[in-house]
Structure formats: structure tokens, C-alpha cells
Amino acid sequence: AEKEAGGAAVKPRSIRESFRTFPAVLQHQILLRCGLTLGGLAAFGLFWALSSAFWFGAPFLMLAFWMGVSAVQTFRTVFHGKYARVHAVCKQVISTAILKRPKALILSTEQGNLRLRIQQRIRKPEVGDVFTVYLADSAMLYESEEEYVVSSYLGITRAVDKAGTA
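Reading the values: the criteria
Residues numbered from 1 in each chain as written. Predicted model: local features only at pLDDT ≥ 70, side-chain atom pairs only at ≥ 80, totals over all residues. Heavy atoms only, no water. 1 Å grid on protein atoms, 1.4 Å probe; cavity = no way out; pocket = protein on both sides within 12 Å on 5 of 7 lines; lining within 4 Å. Points joined across faces, edges and corners; volume = space filled by probe spheres on them. Helix = DSSP H or I, 4+ residues; strand = E, 2+ residues; numbered from the N terminus. Nonpolar A, V, L, I, M, F, W, Y, C, P; charged D, E, K, R; others polar. Core = buried A, V, L, I, M, F, W, Y, C linked by side-chain atoms within 4.5 Å. Buried < 20%, exposed > 50% of the residue type's maximum accessible area, 1.4 Å probe, protein only. Contact = heavy atoms within 4.5 Å. Phe/Tyr/Trp six-rings, centres within 6.5 Å; stacked < 30°, edge-to-face > 60°. Pairing = 2+ DSSP bridges.

A. Up close: the layout of surface pockets. Here the largest pocket defines a volume of roughly 500 Å³. Looking at the largest pocket, it is lined by 19 residues, and the ones nearest its centre are Arg 33, Ser 70, Thr 74, Tyr 153 and Leu 154. Mapped by element, the contributors of at least two residues to the lining of the largest pocket are α2 (24-51) and α3 (54-79). With six residues, α3 is the single largest residue contributor to the lining of the largest pocket. Residues of the lining of the largest pocket, tallied by class, amount to eight nonpolar, 10 polar and one charged. Taken as a whole, the second largest pocket encloses approximately 340 Å³ of empty space. Taken together, 13 residues make up the lining of the second largest pocket; nearest its centre are Arg 121, Ile 122, Ile 156, Thr 157 and Arg 158. If you list the elements that add at least two residues to the lining of the second largest pocket, you get α2 and β9 (155-160). Examining the composition of the lining of the second largest pocket, we find that four residues originate from one element, α2, more than from any other.

As C-alpha cells, then:
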């Protein structure tokens, strides 16, 4: 049993109670990966049942396995608190050449500039927007000339825009 500061035993939290304490963007990521796991299993079963050949559904089984492992890994990282929450102001939005979709953000933090490739859907990021980025402790940071380049992150959310609304 865990001990409080006063020495009294504390009842361990259930998984559901723990999950509810996670930041909303990380809850969404875990649920999305669990959903893709279930969808992959369903597609595997459907293809296997319709074709009677295991190999037609194998890619969906691999997708389900990969997403399941990813969901468990993300849950464990957040559950054990092995992530950092970084608040940063958008300094520059890098867009694709043809469609002008946001491709990367350069964020200004207290420790310096942070460059990250957008992996999630972010609606119209603009210079001056405030973002909260959740980085796993195991995330690789590469030091470039004037900035740190983030290889991957758990989640990103717009904290407050320039007008002060979420």
C-alpha cells in the first residue's frame, strides 16, 4: 500500500479514476488508439470470415497489434507521470508548398525555440497562439542551430489564442 505524508495508507486508484485525471488531449489519443485496435480486429475478422484465408486479414491484425501496443505504452507513460507539459507561444508556422497546410510549428519557450512537425489536426495555427505540448520523457530532442527539434510528442493542444479565448 502507498503511504501518505502523514503515514496513513492510501488506497490505490482504479484505472478508470486514473484515466479521468489525464489531460483531455492525452485521453483522446489513448481512446483513438484503442478504437483503431478494435477496428483493426473487426476488419481482420471480417476479411478472414469472408475469404477463409488468414493472410487477407493479416495487415489489419498487424494494425490492431501496433495500435494496441501504442495505446498501452501511452497509457503507462501518462499513468506513471513520465511526460512533460510545455507551454509555448507560436513563433512561426511552416506550411506545405502547394496546399498551404500547416506542416510544422516553431514554438518559443523559456528554454529556447522548439520545432515540431504537426502530427495531429490543429485548426489554423497562427503566430502568437499559445500551445501546450505533452512530451514523453523518452522523446528525442535534437539540437539544431537555433532551436530544439522534437522527433515525436504525445499530444498538443491550443491553450489560448491571441484574443484570449480557448
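Moving on from the model shown.
B. Up close: the nonpolar core. One finds Leu 105, Leu 107, Leu 116, Phe 131, Val 133, Tyr 153 and Ile 156 to be the most contacted residues of the largest nonpolar core, which totals 15 residues. Taken together, the elements giving at least two residues each to this core come down to β3 (83-95), β4 (102-109), β5 (112-117) and β6 (130-136). Beyond its immediate chain neighbours, meaning those up to four positions away, Leu 116 contacts Ala 104, Leu 105, Leu 107, Val 133, Val 150, Tyr 153 and Ile 156. Phe 22, Val 78, Tyr 134 and Leu 154 belong to the second-largest nonpolar core, a separate cluster that totals 11 residues.

C. Region of interest: the packing of aromatic side chains. This structure, assessed with the given rule, holds nine aromatic pairs. Relative to Trp 55, the ring of Phe 54 lies with its centre 5.2 Å away and its plane at 80°, an arrangement referred to as edge-to-face. Residue classification places Phe 54 among the partly exposed positions, given a relative accessible area of 32%. Assessed through its relative accessible area of 69%, Trp 55 is described here as exposed. An aromatic cluster is built from Phe 19, Phe 22, Phe 75 and Phe 79, whose rings are joined through pairwise contacts.

D. Main features of the pairing of β4. In this sheet, β4 lies alongside β3 in antiparallel orientation, the contact comprising six bridges. Residue pairing for β4: Gln 92 is matched across the bridge by Ile 106. Taking the residues that link successive antiparallel strands as the turn, the β3-β4 hairpin has six residues, and the phi of Lys 100 there is positive, at about 60°. Here β4 runs beside β5; their pairing, made up of six bridges, is antiparallel. Residue Thr 109 lies in a different strand from β5, and its bridge partner there is Gly 112. Between β4 and the antiparallel strand that follows it, β5, lie two residues.

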